[in-house]
Amino acid sequence: MSTVQGVIASTDRLNLKLSSSDKQLLQQAAAIEGISVAAFVRSAAKQRAAAAIQLERAVTLSRRDYETFHAALAEPFRPNEALSQALNQVVARVQRV
């Protein structure tokens, strides 16, 4: 897509084959909403794509895992040995500058 004076111009195409009944269904729904079939299909497809992506990115935990995670967040942070050493090295280097 390209932008022309703040308006997004559609340049890519998506062709698909539909049964007659599917096409009629889309035409009827688009007419009810007062938009073109292309606008209706584009809007519906974008909404479905966003929902699929959001569902894929969602993290679902069991009750036990949630409680473990929540307890870990509630504990004060304590760096492990490797992180402590790295922090000490950074502090030493910064003090030399």
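Residues numbered from 1 in each chain as written. Predicted model: local features only at pLDDT ≥ 70, side-chain atom pairs only at ≥ 80, totals over all residues. Heavy atoms only, no water.

1. Concerning the layout of surface pockets
Estimated volume of the largest pocket: approximately 600 Å³. Considering the residues around the largest pocket, the lining is formed by 18 residues, among which Arg13, Leu14, Ala38, Val41 and Arg42 are closest to the centre. Of all the secondary-structure elements, those providing two or more residues to the lining of the largest pocket are helix 1 (20–33) and helix 2 (37–57). Ranked by residue count, the leading element in the lining of the largest pocket is helix 2, at six residues. (1 Å grid on protein atoms, 1.4 Å probe; cavity = no way out; pocket = protein on both sides within 12 Å on 5 of 7 lines; lining within 4 Å. Points joined across faces, edges and corners; volume = space filled by probe spheres on them. Helix = DSSP H or I, 4+ residues; strand = E, 2+ residues; numbered from the N terminus.)

2. A look at helix 1
Owing to its 3.6 residues per turn, the α-helix aligns residues three or four sequence positions apart on the same side. In this model, helix 1 (14 residues) spans 20 Å end to end at C-alpha, consistent with the 20 Å of a helix rising 1.5 Å per residue. Where burial is concerned, little of helix 1 is hidden: one out of the 14 residues are buried. Positive phi shows up at Gly34, right after helix 1, with a value of about 75 degrees. (Expected span 1.5 Å × (residues − 1). Buried < 20%, exposed > 50% of the residue type's maximum accessible area, 1.4 Å probe, protein only.)

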